[in-house]
Amino acid sequence: MTSLVVGNWKMHTTQAQARTLARQILRGLRKGHAGAEVVLAPPYTSLRPVRDVIRRSQIRLAGQNAHWHESGAFTGEISSSMLCDVGCEYVILGHSERRHIFGESDRSVAQKIAACLGQGLRPILCVGETLDEREQGITTRVICRQLKVALKGVSKNVIGNVEIAYEPVWAIGTGRNATPEQVGRVHQRIRKTLVALFGKARGNRVRILYGGSVKPENAGALASVSEVNGLLVGGASLKAETFLPIVRCFSIR
Ligand code: PGA
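This report concerns the structure included in the present document. (Residues numbered from 1 in each chain as written. Predicted model: local features only at pLDDT ≥ 70, side-chain atom pairs only at ≥ 80, totals over all residues. Heavy atoms only, no water.)

## Some details on the side chain of Ser-57
Stated formally: The helix and strand labels rest on DSSP assignments: H or I over at least four residues marks a helix, E over at least two residues marks a strand, and numbering proceeds from the N terminus. In protein, a polar contact means a hydrogen-donor-capable atom and an acceptor-capable atom, both N or O and within 3.5 Å, with residues adjacent in sequence counting only if both atoms are side-chain atoms; elsewhere, any N or O pair within 3.5 Å suffices. Two residues qualify as a contact provided that any one of their heavy atoms is within 4.5 Å of a heavy atom in the partner residue.
Within the fold, Ser-57 resides in the loop between helix H2 (47–54) and strand E3 (60–63). A distance of 2.7 Å separates a polar atom in the side chain of Ser-57 from the backbone oxygen of Ile-54. Only 3.0 Å separates the side chain of Ser-57 from the backbone nitrogen of Ile-59, close enough to count as a polar contact. Not counting chain neighbours up to four residues away, the residues in contact with Ser-57 comprise Leu-26 and Arg-30.

Right, here's the structure in full:
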(Lines give C-alpha, C1' and ligand atoms only; values in the text may rest on other atoms or scores of the structure.)
Protein backbone atom coordinates (compact mmCIF):
# COMPACT_ATOMS: atom_id res chain seq x y z
CA MET A 1 0.00 0.00 0.00
CA THR A 2 1.39 3.45 -0.92
CA SER A 3 1.91 5.67 2.12
CA LEU A 4 0.12 9.00 2.26
CA VAL A 5 1.46 12.24 3.73
CA VAL A 6 -1.01 15.12 4.05
CA GLY A 7 -0.09 18.73 4.82
CA ASN A 8 -2.95 20.49 6.62
CA TRP A 9 -2.25 24.19 6.36
CA LYS A 10 -5.32 25.09 8.48
CA MET A 11 -6.04 28.88 8.50
CA HIS A 12 -2.59 29.88 7.29
CA THR A 13 -1.16 31.41 4.09
CA THR A 14 -2.17 34.19 1.78
CA GLN A 15 -2.42 33.21 -1.87
CA ALA A 16 1.13 34.40 -2.54
CA GLN A 17 2.52 32.51 0.47
CA ALA A 18 0.62 29.38 -0.56
CA ARG A 19 2.01 29.55 -4.09
CA THR A 20 5.57 29.91 -2.79
CA LEU A 21 5.20 27.07 -0.30
CA ALA A 22 3.65 24.75 -2.88
CA ARG A 23 6.48 25.55 -5.32
CA GLN A 24 9.12 24.80 -2.68
CA ILE A 25 7.49 21.49 -1.79
CA LEU A 26 7.13 20.52 -5.44
CA ARG A 27 10.76 21.36 -6.14
CA GLY A 28 11.91 19.39 -3.11
CA LEU A 29 9.90 16.34 -4.08
CA ARG A 30 11.31 16.42 -7.59
CA LYS A 31 14.84 16.36 -6.22
CA GLY A 32 14.68 13.26 -4.18
CA HIS A 33 11.51 11.64 -3.25
CA ALA A 34 9.39 9.64 -1.99
CA GLY A 35 7.54 6.45 -1.89
CA ALA A 36 4.67 8.43 -0.44
CA GLU A 37 1.72 10.08 -2.07
CA VAL A 38 1.61 13.77 -1.05
CA VAL A 39 -1.58 15.78 -0.52
CA LEU A 40 -1.79 19.48 0.37
CA ALA A 41 -4.80 21.02 2.13
CA PRO A 42 -4.52 24.83 1.91
CA PRO A 43 -7.31 27.17 3.05
CA TYR A 44 -10.13 27.65 0.52
CA THR A 45 -8.78 30.95 -0.83
CA SER A 46 -5.48 29.26 -1.70
CA LEU A 47 -6.87 26.12 -3.35
CA ARG A 48 -6.79 27.62 -6.83
CA PRO A 49 -3.25 29.09 -6.63
CA VAL A 50 -1.91 25.82 -5.20
CA ARG A 51 -3.73 23.82 -7.85
CA ASP A 52 -2.07 25.92 -10.54
CA VAL A 53 1.36 25.15 -9.07
CA ILE A 54 0.87 21.40 -8.60
CA ARG A 55 -1.02 20.75 -11.82
CA ARG A 56 0.64 17.93 -13.79
CA SER A 57 2.64 16.88 -10.71
CA GLN A 58 2.21 13.94 -8.38
CA ILE A 59 0.91 16.19 -5.57
CA ARG A 60 -2.85 16.09 -4.90
CA LEU A 61 -5.16 18.77 -3.49
CA ALA A 62 -7.52 18.54 -0.49
CA GLY A 63 -10.21 20.68 1.12
CA GLN A 64 -10.22 21.03 4.91
CA ASN A 65 -13.97 20.51 5.33
CA ALA A 66 -17.17 20.32 3.27
CA HIS A 67 -20.88 20.76 3.87
CA TRP A 68 -23.20 17.86 3.05
CA HIS A 69 -25.54 19.89 0.83
CA GLU A 70 -24.47 20.62 -2.71
CA SER A 71 -25.62 24.23 -2.58
CA GLY A 72 -28.04 26.39 -0.64
CA ALA A 73 -28.43 29.02 2.05
CA PHE A 74 -25.49 27.99 4.25
CA THR A 75 -23.47 31.15 4.76
CA GLY A 76 -19.77 30.48 5.18
CA GLU A 77 -19.89 26.85 4.06
CA ILE A 78 -18.43 25.10 1.03
CA SER A 79 -19.74 22.02 -0.76
CA SER A 80 -18.05 18.89 -2.00
CA SER A 81 -18.92 19.72 -5.61
CA MET A 82 -17.24 23.14 -5.20
CA LEU A 83 -14.11 21.39 -3.94
CA CYS A 84 -14.16 19.08 -6.95
CA ASP A 85 -14.67 22.06 -9.23
CA VAL A 86 -11.48 23.72 -7.96
CA GLY A 87 -9.48 20.52 -8.38
CA CYS A 88 -9.61 18.74 -5.02
CA GLU A 89 -9.40 14.95 -4.93
CA TYR A 90 -9.32 14.65 -1.14
CA VAL A 91 -11.13 16.30 1.77
CA ILE A 92 -10.31 16.30 5.49
CA LEU A 93 -13.47 15.57 7.51
CA GLY A 94 -14.16 15.48 11.25
CA HIS A 95 -10.89 17.16 12.19
CA SER A 96 -10.77 17.63 15.96
CA GLU A 97 -10.70 21.42 15.55
CA ARG A 98 -13.99 21.13 13.65
CA ARG A 99 -15.42 18.84 16.30
CA HIS A 100 -14.22 20.71 19.38
CA ILE A 101 -14.17 24.38 18.32
CA PHE A 102 -17.12 24.32 15.91
CA GLY A 103 -19.23 21.63 17.55
CA GLU A 104 -19.34 19.06 14.74
CA SER A 105 -21.01 15.81 15.73
CA ASP A 106 -20.33 12.25 14.61
CA ARG A 107 -23.64 12.42 12.76
CA SER A 108 -22.75 15.53 10.77
CA VAL A 109 -19.39 13.98 9.91
CA ALA A 110 -21.31 10.96 8.57
CA GLN A 111 -23.43 13.24 6.36
CA LYS A 112 -20.31 14.92 5.04
CA ILE A 113 -18.63 11.58 4.29
CA ALA A 114 -21.65 10.44 2.30
CA ALA A 115 -21.84 13.69 0.32
CA CYS A 116 -18.12 13.72 -0.47
CA LEU A 117 -18.03 10.07 -1.53
CA GLY A 118 -21.01 10.80 -3.76
CA GLN A 119 -18.94 13.46 -5.53
CA GLY A 120 -15.96 11.13 -5.94
CA LEU A 121 -13.83 12.89 -3.32
CA ARG A 122 -11.63 10.81 -1.01
CA PRO A 123 -12.46 11.70 2.61
CA ILE A 124 -9.69 11.70 5.21
CA LEU A 125 -11.76 10.90 8.29
CA CYS A 126 -10.16 12.14 11.53
CA VAL A 127 -10.81 10.38 14.82
CA GLY A 128 -9.18 10.77 18.21
CA GLU A 129 -9.69 10.96 21.95
CA THR A 130 -9.29 13.95 24.26
CA LEU A 131 -6.83 13.84 27.16
CA ASP A 132 -9.72 13.40 29.57
CA GLU A 133 -11.03 10.42 27.58
CA ARG A 134 -7.56 8.83 27.49
CA GLU A 135 -7.17 9.27 31.24
CA GLN A 136 -10.59 7.71 31.82
CA GLY A 137 -9.40 4.69 29.81
CA ILE A 138 -12.10 5.05 27.15
CA THR A 139 -9.87 5.77 24.12
CA THR A 140 -10.94 2.64 22.26
CA ARG A 141 -14.61 3.17 22.98
CA VAL A 142 -14.49 6.78 21.73
CA ILE A 143 -12.63 5.92 18.54
CA CYS A 144 -14.83 2.94 17.71
CA ARG A 145 -17.92 5.11 18.17
CA GLN A 146 -16.51 7.86 15.94
CA LEU A 147 -15.68 5.31 13.24
CA LYS A 148 -18.95 3.40 13.42
CA VAL A 149 -21.17 6.49 13.27
CA ALA A 150 -19.16 8.27 10.57
CA LEU A 151 -18.92 5.15 8.36
CA LYS A 152 -22.46 3.88 8.97
CA GLY A 153 -23.77 4.75 5.52
CA VAL A 154 -20.57 3.81 3.64
CA SER A 155 -20.94 0.74 1.46
CA LYS A 156 -18.29 -1.96 1.03
CA ASN A 157 -17.80 -0.83 -2.55
CA VAL A 158 -16.55 2.64 -1.63
CA ILE A 159 -14.72 2.13 1.68
CA GLY A 160 -11.54 1.86 -0.40
CA ASN A 161 -11.92 5.59 -1.14
CA VAL A 162 -11.74 6.53 2.55
CA GLU A 163 -8.59 7.27 4.54
CA ILE A 164 -8.57 7.30 8.35
CA ALA A 165 -6.41 9.65 10.41
CA TYR A 166 -5.87 8.90 14.08
CA GLU A 167 -5.23 12.22 15.77
CA PRO A 168 -5.26 12.21 19.57
CA VAL A 169 -6.69 15.62 20.47
CA TRP A 170 -4.09 16.10 23.21
CA ALA A 171 -1.29 15.79 20.67
CA ILE A 172 -2.52 18.31 18.10
CA GLY A 173 -0.55 21.53 18.04
CA THR A 174 0.70 20.87 21.57
CA GLY A 175 4.19 19.57 20.84
CA ARG A 176 3.17 16.38 22.70
CA ASN A 177 2.99 13.46 20.37
CA ALA A 178 1.82 9.95 21.05
CA THR A 179 4.56 7.35 21.36
CA PRO A 180 5.00 4.82 18.54
CA GLU A 181 3.63 2.13 20.92
CA GLN A 182 0.50 4.15 21.72
CA VAL A 183 -0.02 4.86 18.03
CA GLY A 184 0.50 1.21 17.04
CA ARG A 185 -2.05 0.02 19.62
CA VAL A 186 -4.77 2.46 18.52
CA HIS A 187 -4.11 1.78 14.83
CA GLN A 188 -4.58 -1.95 15.50
CA ARG A 189 -7.97 -1.23 17.09
CA ILE A 190 -8.97 0.94 14.15
CA ARG A 191 -7.93 -1.83 11.74
CA LYS A 192 -9.95 -4.37 13.72
CA THR A 193 -13.02 -2.14 13.57
CA LEU A 194 -12.62 -1.61 9.81
CA VAL A 195 -12.31 -5.36 9.24
CA ALA A 196 -15.40 -6.00 11.39
CA LEU A 197 -17.40 -3.41 9.45
CA PHE A 198 -16.21 -4.08 5.90
CA GLY A 199 -14.63 -7.53 5.85
CA LYS A 200 -11.01 -8.61 5.79
CA ALA A 201 -9.97 -7.75 2.26
CA ARG A 202 -11.56 -4.31 2.15
CA GLY A 203 -10.90 -3.40 5.80
CA ASN A 204 -7.22 -4.21 5.41
CA ARG A 205 -6.83 -1.96 2.39
CA VAL A 206 -7.86 1.32 4.09
CA ARG A 207 -4.90 3.54 4.95
CA ILE A 208 -4.61 4.64 8.58
CA LEU A 209 -2.57 7.81 9.12
CA TYR A 210 -1.28 9.28 12.35
CA GLY A 211 -1.44 13.01 13.13
CA GLY A 212 -0.52 15.21 16.08
CA SER A 213 2.70 17.21 16.48
CA VAL A 214 4.50 15.29 13.74
CA LYS A 215 7.94 16.83 13.17
CA PRO A 216 11.06 15.78 11.27
CA GLU A 217 12.48 14.62 14.65
CA ASN A 218 9.70 12.11 15.38
CA ALA A 219 8.45 11.25 11.89
CA GLY A 220 11.00 8.48 11.36
CA ALA A 221 9.93 6.60 14.50
CA LEU A 222 6.24 7.01 13.62
CA ALA A 223 6.78 5.95 10.01
CA SER A 224 8.55 2.81 11.16
CA VAL A 225 5.46 1.57 13.02
CA SER A 226 4.08 -1.06 10.66
CA GLU A 227 0.45 -0.07 11.38
CA VAL A 228 1.12 3.55 10.30
CA ASN A 229 0.29 4.01 6.62
CA GLY A 230 1.01 7.72 6.51
CA LEU A 231 0.93 11.01 8.41
CA LEU A 232 -1.33 14.05 8.71
CA VAL A 233 0.90 17.02 9.40
CA GLY A 234 -0.21 20.45 10.63
CA GLY A 235 2.38 22.97 11.84
CA ALA A 236 5.37 21.24 10.25
CA SER A 237 3.69 21.31 6.82
CA LEU A 238 3.92 25.11 6.71
CA LYS A 239 7.61 25.05 5.84
CA ALA A 240 9.17 23.04 3.05
CA GLU A 241 12.26 22.42 5.18
CA THR A 242 10.21 20.63 7.84
CA PHE A 243 7.61 19.00 5.58
CA LEU A 244 9.99 17.45 3.05
CA PRO A 245 12.06 15.44 5.56
CA ILE A 246 8.78 14.03 6.94
CA VAL A 247 7.71 12.88 3.47
CA ARG A 248 11.13 11.35 2.89
CA CYS A 249 10.74 9.11 5.95
CA PHE A 250 8.48 6.95 3.82
CA SER A 251 10.84 6.58 0.90
CA ILE A 252 13.29 4.64 3.02
CA ARG A 253 10.87 2.24 4.73
P1 PGA B 1 -0.11 19.49 14.21
O2 PGA B 1 -1.58 19.35 13.57
O3 PGA B 1 0.81 18.67 13.36
O4 PGA B 1 0.19 20.96 14.16
O5 PGA B 1 -0.20 18.97 15.61
C6 PGA B 1 -2.02 18.13 13.05
C7 PGA B 1 -3.43 18.26 12.57
O8 PGA B 1 -4.19 19.01 13.18
O9 PGA B 1 -3.84 17.63 11.58
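## Regarding the packing of helix H1 (residues 15–31) against H2
The criterion, for reference: Angles here are taken between N-to-C directions and fall from 0 to 180 degrees, while the axes themselves are lines fitted to C-alpha atoms, restricted in helices to the stretch in contact. Note that the term roughly parallel is reserved for angles under 35 degrees, roughly antiparallel for angles over 145, roughly perpendicular for angles of 65 to 115, and oblique for everything else. Crossings are classed by handedness, with left-handed meaning an anticlockwise turn of the near helix from the far one by less than a right angle and right-handed meaning a clockwise turn. Side-chain classes follow a simple rule in which Ala, Val, Leu, Ile, Met, Phe, Trp, Tyr, Cys and Pro form the nonpolar group, Asp, Glu, Lys and Arg form the charged group, and the remainder, Gly included, forms the polar group.
Viewed as axis vectors pointing N to C, H1 and H2 meet at an angle of 25°, and their least axial separation amounts to 9 Å. Classified by the angle their axes make, H1 and H2 are roughly parallel. Of the two possible hands of crossing, H1 and H2 adopt the one that is right-handed. When H1 is examined against H2, the residues Gln-15, Ala-18, Arg-19, Ala-22, Arg-23 and Leu-26 are found in contact with a partner set consisting of Pro-49, Val-50 and Val-53. For the contact of H1 with H2, the residue count by class is six nonpolar, one polar and two charged.

## A few points about the pattern of salt bridges
Rule in force here: Criterion for a salt bridge: a side-chain nitrogen of Lys or Arg within 4 Å of a carboxyl oxygen of Asp or Glu.
Tallying each qualifying case throughout the model produces 13 salt bridges. Residues joined by salt bridges that share partners form a network here, namely Glu-37, Arg-122, Glu-163 and Arg-207.

## Thoughts on the site of the ligand
Here is the rule: The cutoff for a nearby residue is simple: one of its non-hydrogen atoms must lie within 4 Å of the molecule or strand.
Around the ligand, the surrounding shell holds 13 residues, and the nearest of these are Lys-10, His-95, Glu-167, Gly-173 and Ser-213. Between an oxygen atom of the ligand and a side-chain N or O atom of Lys-10, the distance comes to 2.7 Å. A distance of 2.7 Å separates an oxygen atom of the ligand from a polar backbone atom of Gly-173. Taken together, the residues of the shell around the ligand sort by class into four nonpolar, seven polar and two charged.

## A few points about the side chain of Arg-99
Its place among the elements puts Arg-99 in helix H4 (residues 96–101). Once you skip the residues sitting within four places of it in the chain, Arg-99 turns out to touch Gly-94, Glu-104, Asp-106, Val-109, Leu-125, Cys-126, Val-127 and Gln-146.

## What to know about the sheet that holds strand E7 (residues 208–211)
As a reminder of what qualifies: Pairing between two strands requires that DSSP report at least two bridges joining them.
Here eight strands make up a closed barrel; going around it, the order is E1-E2-E3-E4-E5-E6-E7-E8 and the pairing parallel. Taking each pair of neighbouring strands and ignoring which way they run, the sheet shows an average axis angle of 25°. Pairing between strand E5 (residues 122–127) and strand E6 (residues 163–166): four bridges, direction parallel. Paired with Leu-125 across the two strands is Ile-164, which belongs to E6.

## Notes on the environment of Arg-189
Structurally, Arg-189 is set in helix H8 (residues 180–198). Separated by 62 residues in the primary sequence, Arg-189 and Val-127 place their C-alpha atoms 12 Å from one another.

## Details of helix H5 (residues 106–118)
Formally: Under the convention used throughout, the expected extent of a helix is 1.5 Å for every residue step, that is, one less than its residue count. Each residue's exposure class comes from its accessible area (1.4 Å probe, protein chains only) as a fraction of the maximum for that residue type: buried when under 20%, exposed when over 50%, partly exposed otherwise.
For H5, which comprises 13 residues, the first-to-last C-alpha distance of 18 Å matches the rise-based estimate of 18 Å (1.5 Å per residue) to within 8%. All of the buried residues in H5 are Asp-106, Ser-108, Val-109, Ala-110, Lys-112, Ile-113, Ala-115, Cys-116 and Leu-117. Residues of H5 that are buried sit in contact with helix H3 (80–86), strand E4 (90–93), H4, E5 and helix H7 (139–150). Immediately beyond the C-terminal end of H5, within one or two residues, lies Gly-120, with a positive phi of roughly 85°.

## What to know about the environment of Gln-146
Relative to the elements of secondary structure, Gln-146 occurs in helix H7. Gln-146 sits 84 residues away from Ala-62 along the chain, and the two C-alpha atoms are 22 Å apart. With near-sequence residues (within four places) excluded, Gln-146 lies in contact with Arg-99, Asp-106, Val-127 and Gly-128.

So far we have only geometry, and geometry alone does not tell us how the molecule works.
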